[in-house]
Amino acid sequence: MVGSDQVWNPRMGSNIKPYFLDFAPKGARCVSYASSIGASSLTPNVYKAFYNWLKRFSAIGVREKSAARIIGGMGLEAEVAHVIDPTLLLTADEWNKVATEPVGLPPHYVLLYDLIPSEETVALSRRIAEEKNLPVVCVGDGAYGPGEFVWLFAHADFVVTNSFHGTAFSHIYEKGKYSENEACQIFQQIIFAIEYMHRSHYICHRDIKPENILLNYKNEVKICDFGFSKYYSPKN
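Summarised in this report is the structure supplied together with it. (Residues numbered from 1 in each chain as written. Predicted model: local features only at pLDDT ≥ 70, side-chain atom pairs only at ≥ 80, totals over all residues. Heavy atoms only, no water.)

**As for the nonpolar core**
Right, so step 1: In this structure, Trp8, Phe50, Leu54, Phe57, Ile60, Ile71 and Met74 are the most contacted members of the largest nonpolar core, which totals 22 residues.
Right, so step 2: Listed by contribution, the elements that provide at least two residues to this core are α1 (44–54), β3 (57–62) and α2 (65–72).
Right, so step 3: The dominant element in this core, judged by the number of residues it contributes, is α2, at four residues.
Right, so step 4: Among residues more than four places away in sequence, those in contact with phenylalanine 50 are Trp8, Pro10, Ile16, Phe20, Ile37, Leu42 and Met74. (Core = buried A, V, L, I, M, F, W, Y, C linked by side-chain atoms within 4.5 Å. Buried < 20%, exposed > 50% of the residue type's maximum accessible area, 1.4 Å probe, protein only. Helix = DSSP H or I, 4+ residues; strand = E, 2+ residues; numbered from the N terminus. Contact = heavy atoms within 4.5 Å.)

**Comments concerning the packing of aromatic side chains**
Right, so step 1: With the rule as written, the count across this model stands at 12 aromatic pairs.
Right, so step 2: Look at phenylalanine 149 and phenylalanine 153: their rings are 5.0 Å apart centre to centre, the planes differ by 55 degrees, and that puts the pair in the tilted class. In this pair, phenylalanine 149 and phenylalanine 153 are both assigned in helix α5 (residues 146–155), four residues apart and thus about one turn of the helix distant.
Right, so step 3: Here phenylalanine 153 falls in the buried class, since its relative accessible area comes to 0%.
Right, so step 4: Of the aromatic side chains, those joined through ring pairs into one cluster are Trp8, Phe20, Phe50, Trp53 and Phe57.
Right, so step 5: Here the guanidinium or amino end of arginine 63 rests over the ring plane of phenylalanine 164, the centre of that ring lying 4.0 Å away. (Phe/Tyr/Trp six-rings, centres within 6.5 Å; stacked < 30°, edge-to-face > 60°. Lys NZ or Arg CZ within 6 Å of the ring centre and 35° of its normal.)

**Section: the pattern of salt bridges**
Right, so step 1: With the rule as written, the count across this model stands at five salt bridges.
Right, so step 2: Ionic pairing is found between arginine 199 and glutamate 195, a salt bridge with its closest N-O pair at 3.3 Å. Placement of the pair is arginine 199 and glutamate 195 together in helix α7 (residues 180–201), with a separation of four residues, close to one helical turn.
Right, so step 3: Residue classification places arginine 199 among the exposed positions, given a relative accessible area of 64%.
Right, so step 4: Across the salt bridge formed by aspartate 207 and lysine 209, the nearest N and O atoms sit 3.6 Å from each other. (Salt bridge = Lys/Arg side-chain N within 4 Å of Asp/Glu carboxyl O.)

**Focus: a nonpolar patch on the surface**
Right, so step 1: A grouping of Ile84, Leu88, Leu89 and Leu90 is seen on the molecular surface, where their side chains present a nonpolar patch of about 310 Å² in accessible area.
Right, so step 2: If you trace the backbone, leucine 90 turns up in the loop between β4 (79–82) and α3 (92–96).
Right, so step 3: What makes leucine 90 partly exposed here is its relative accessible area of 35%. (Patch = residues over 30% accessible without salt bridge, like charges linked within 9 Å, V, L, I, M, F, W, Y side chains within 5 Å. Areas by Shrake-Rupley, 256 points an atom, 1.4 Å probe, with all protein chains shown as cover.)

**Here's the deal with the sheet that holds strand β7 (residues 158–161)**
Right, so step 1: Pairing is parallel in the open sheet, where three strands are placed in the order β6-β5-β7. Looking at the sheet topology across the chains shown, the edges are occupied by β6 (136–138) and β7. This sheet shows a mean twist of 25 degrees between the axes of neighbouring strands, independent of strand direction.
Right, so step 2: Relative to β7, strand β5 (residues 110–113) runs parallel, the two being bridged by four bridges. When the bridges of β7 are listed, leucine 111 appears paired with valine 159.
Right, so step 3: On top of the sheet, α5 reaches β5, β6 and β7; it is set at about 130 degrees to β5, its chief contact. (Pairing = 2+ DSSP bridges. Axes fitted to C-alpha atoms, helices over the stretch in contact; angles between N-to-C directions.)

Read these as geometric descriptors, not functional statements.
Here it is, written out as structure tokens:
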């Protein structure tokens, strides 16, 4: 069985063939769950390689809707399903069973998980820390194991992250929930942005979802990932 973040991403710069279980004995049942390709399209050569590697799979679950569309269109015998990331299959109480408290952790802190180094992310964590008079704990500053990683999110006062799984664990532990008024303001900005794309530039985004909605620390909305977008004629 194979699955999880970026395992089938052809742009990772490493050999991904083992993640298609090419080492499994002949006749072994091959299954994937929430495998991620991290791309909205594949080049012809990569598409052909994926097809050959996936022919032996009896069940295929992928994390992204785009991956389900791409692999589902290959004509494979295996059923292709769009499934939830495995981190979200467990509740906070279930994750707490494997959480381990790191040594020397302050009782209150701002957690920074800067997976993709970003000056903006670091600056935001420092600004929140100064406003709330809290220390910043950075995931990259310590040798944290899986249980300690979970604990950091479970007990953080605030989380600043640009990581998918950082966001997932923030959601699991209900960090940074918006009030009804804040949510309405954000939704209103999304509607205005879509209207602006339609009426001023004749663009249909076609993939509006939480992953494609970016917010800065002022809760200002930016819409990203126009991979599925299309121009349309105002006459139609």
